[in-house]
Amino acid sequence: MSLPFNVAAHLSTSLRAAADQAGLAGRGFDPEVRVADPAHGDFQANGALAFAKREKLNPRALAQQVVDQLGALQASFDITLAGPGFINFRLKPAALLAWLQTHASEDQLRAGASAAHAGQTWVVDYSSPNTAKQMHVGHLRSAVIGEAICRLLAFTGAKVIRDNHLGDWGTQFGKLIYGYKRWVDEAALLSEPIEELERVYKLGHAATPDDSPELEEARRELVKLQSGDPQNVALWKKFSDVSLAAFQQIYDRLGIVFDHNLGESFYNDKVERIYRELAETGLAEVSEGALVVFHPEHPRYAKQPFLIRKADGASNYASTDLATALYRVEHFAADGIVVVTDFRQGDHFEQLFLTAKKWFAAKGYRVPELHHVTFGAVTGEDGKALKTRDGGVIKLKALLDEAEERAYALVSAKSPDLPEAERREIARAVGVGSVQYADLAQNRSSNYVFAWDKMLALDGNTAPYLLYAVTRVRSIFRKADLDPAAPPTTGASAPESAQELTLARKLVQFADAIQVAGTQLRPHFLCLYLFELAGAYSAFYAADKVIVDDPSVRARRLLLCHRTLLTLETGLRLLGLRTLERM
Ligand code: ARG
C-alpha cells in the first residue's frame, strides 16, 4: 500500500478519476489536492465548492459523491468532509511508516521528484558578470540563486545547462585598449588583474573626452578589435581570461561549475540573421534609422519600442540576447530558458521574451518556456545600496573572507575543543553557507538587507541553525556507534507520539516543497520547509528519547532520525550548501 513520492499529486490523480466516475468529467471540476493547514489534515481538496456554486448544486453532497468513489484510498487515509464541502485527507500512521520506508535514499527521493521536468532540457543563464570589471553583489546574488535553481531543476528531472553569459563585448573595449596600451602596470596585472583593468579603463575614459582626437583614437582601437586585428584581439582575449580566472575563485567557493561561458562576443556574428528574420516576419520595422519591435497589444510596449539595432548599424544588448535565445533553442534544444538578473532588467526581458515568442512561432521554431528570474536590490542595514565605507564596490572575495572569519569566531567560541583545522573547515562551510542561505531564504522578489548578525545567528531561519540541526542528528548516530547512512530500522513500528507523527508528516511534505520551489523557481519555499522540518525534529528530539530498549520503538525513532538527516542534507545541498559532521 506504499504511496508514491508526491502524495498530493497522487491524491489529485485519484480525485480526477473519482470525479470522472461521479460523472463530473469535462464539466470543469478542479481535482487539485494541496498540502493543508495541519489543523484540518495533511491534504485538502476544495474543488467541490466552486463547481457546486457554478452548477447550483449542494457542495457537501457533491463532495460526498466524489468521496464515495475514493474507496481505494481509505487504506492509507482518513478522509473527512468539512465545512461547506472541503475534502480532508489525513495519512494513517501505517501509511506514514510505509512512505518513510520506501523513500530511503537521495536517489529514491530524486527519482520521485523527477516527474516535474523529466526529459526536458533547461538552460540557466546566471551570474553573467562583465569582464574587466569586478563582480558586484548583484552578480553574487544571481550566482547563488541561479545555482540553487539549477540544482532544483536537475533534481526535478531536467537536463541542466549552466551558461555564464559574460558581458565581454561592447564599445567600452576601445577605451580599455587605449588605456591599456599606455598605462598598464604588468606587475599589478598579475597580482590584482581586475583592479588593474578597471584602473586603466578609468584612465582611458578620462583621457578620451567627447569630440577629442583621443576619442577618435580609442574608436579606432575598437574598430581594429572588431575587424580582427591580431594585437587587439589578443588583448581582448587576455581581458577575458584574467577576468574569468578571478571570477572562478568566487565560483569555486560557491561550488559552481559552468558548462559554458558563452558571452556576448560569441553572438557577435549571429546578429545579422536576427535582423533579417525579424524584418522578414514583419515583427521589426525601421524607425528613425534604427530597427525596432513594437508590441501593439501591450499597454507600454505598443509605444515604447524594443531597439534591436542602433541607427549607426551597431548591435546592442537586445540583438545579442535575441541571438542568444535562438542559439539556446537551436543548439541546446532548450525546453526552458531561465535568466537570473536583478529586477531592473525587467523591461528588457519582457520585451525580449514577447519578441522571441512571436518570432519563434512565426518561423516554426521550438518555443521554450522563458523565465526572467529577478531579485531585489541588496542594501545595508541603513537601507542604502551595499557599498564600502568610501562608496566603492564591495569586493566579493573580501565579503566571503569576512563571512568565514566571523563564522570562525563563532565556532571557536562554541566548540573550542575542536582541532584548529576542523574549525577552519567548519568556518568555510558556515561562513559561505550563511551568505548563500540568507540570499535564498527570503522571497527573491523583495529587496534584501545584508546583516551579518542575522545571517550568522544560531536560531531562526538561517544556515547555522540548519547546519547545526544536521550535526545534532549525526551526533545521535555517532554516540550510539551506528552507521548514519544505514542505521538499523527493521522492525520499526508506525509513528505514535504527537511529535513522531508531526515529524513524519513533515517529512512526507518534502515532495511538495521541492515541487513548488522547482516549478516556481523560488528556492525560499525549500528554505522555509527545511526550517520547519528542523523545528519538528527539535520538538521530537526534546520529547522522545531515541535509544530506548523497546526494539520496535527504537527502530522507528532511528528511522525518523535517518530520514530527517537525509532530507535536511538533500535539501541543503540543493541550495548549494555543504553540510558538516559536527560544529
Ligand atoms: N552582463 C549582464 C549584467 O552584468 C547580465 C547578463 C544577463 N544575461 C543576459 N542574457 N542578458 O548586468
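Residues numbered from 1 in each chain as written. Predicted model: local features only at pLDDT ≥ 70, side-chain atom pairs only at ≥ 80, totals over all residues.

Draft legend 1. Up close: the nonpolar core. In this structure, I149 and L526 are the most contacted members of the largest nonpolar core, which totals 152 residues. Dropping the residues within four chain positions of it, L526 is found in contact with A513, I514, A517, G571, L574 and L575. (Core = buried A, V, L, I, M, F, W, Y, C linked by C-beta atoms within 7 Å. Buried ≥ 20, exposed ≤ 12 C-beta atoms within 10 Å, placed from the backbone. Contact = placed C-beta atoms within 7 Å.)

Draft legend 2. Quick look at the UniProt feature "domain: Arginyl tRNA synthetase N-terminal" (unreviewed entry) in the protein. As annotated in UniProt, the feature "domain: Arginyl tRNA synthetase N-terminal" (unreviewed entry) corresponds to residues 9-91 in the numbering used here. The span residues 9-91 shows a helical share of 37% and a strand share of 22%, and its end C-alpha atoms are spaced 14 Å apart. (UniProt positions renumbered as here; feature names shortened; annotations may be inferred. Helix = DSSP H or I, 4+ residues; strand = E, 2+ residues; numbered from the N terminus.)

Draft legend 3. Inspection of the sheet that holds strand β1 (residues 33-35) at higher detail. Strand order across the open sheet formed by four strands is β1-β2-β4-β3, with antiparallel pairing between neighbours. For this open sheet the edge positions go to β1 and β3 (77-82), each flanked by a neighbour on one side alone. Shown here is a sheet whose adjacent strand axes are inclined to one another by a mean of 25°, direction ignored. Bridging between strand β2 (residues 43-45) and strand β4 (residues 86-91) involves three bridges; their strand directions are antiparallel. Paired with Q44 across the strands is N88, a residue of β4. Each of β3 and β4 touches helix α3 (residues 59-67); the most contacted strand, β3, lies at about 165° to it. (Pairing = 2+ DSSP bridges. Axes fitted to C-alpha atoms, helices over the stretch in contact; angles between N-to-C directions.)

Draft legend 4. Up close: unusual backbone geometry. Notably, K56 is not glycine yet its phi reads approximately 55°, a positive angle. Of note, K56 is situated in the loop between α2 (47-55) and α3. On the basis of neighbour counts, which here come to 6 C-beta atoms within 10 Å, the residue K56 falls in the exposed class. The phi dihedral of A132 falls on the positive side, at around 65°, and the residue is not glycine. In this fold, A132 is placed in the loop between β5 (121-125) and α6 (137-155).

Draft legend 5. Just the confidence of the model for the protein, in detail. Confidence along the protein averages 96 in pLDDT terms, with 100% of residues attaining 70 or more. What the predictor reports for the complex is a pTM of 0.96 with an ipTM of 0.99. (pLDDT = per-residue confidence, 0-100.)

Draft legend 6. Inspection of the environment of R406 at higher detail. The residue R406 is located in helix α15 (residues 396-414) in this model. In this structure the C-alpha to C-alpha distance between R406 and H139, which are 267 residues apart in sequence, comes to 23 Å. Each residue touching R406, except ones within four places of it in the same chain, is listed here: G431, W452 and L456.

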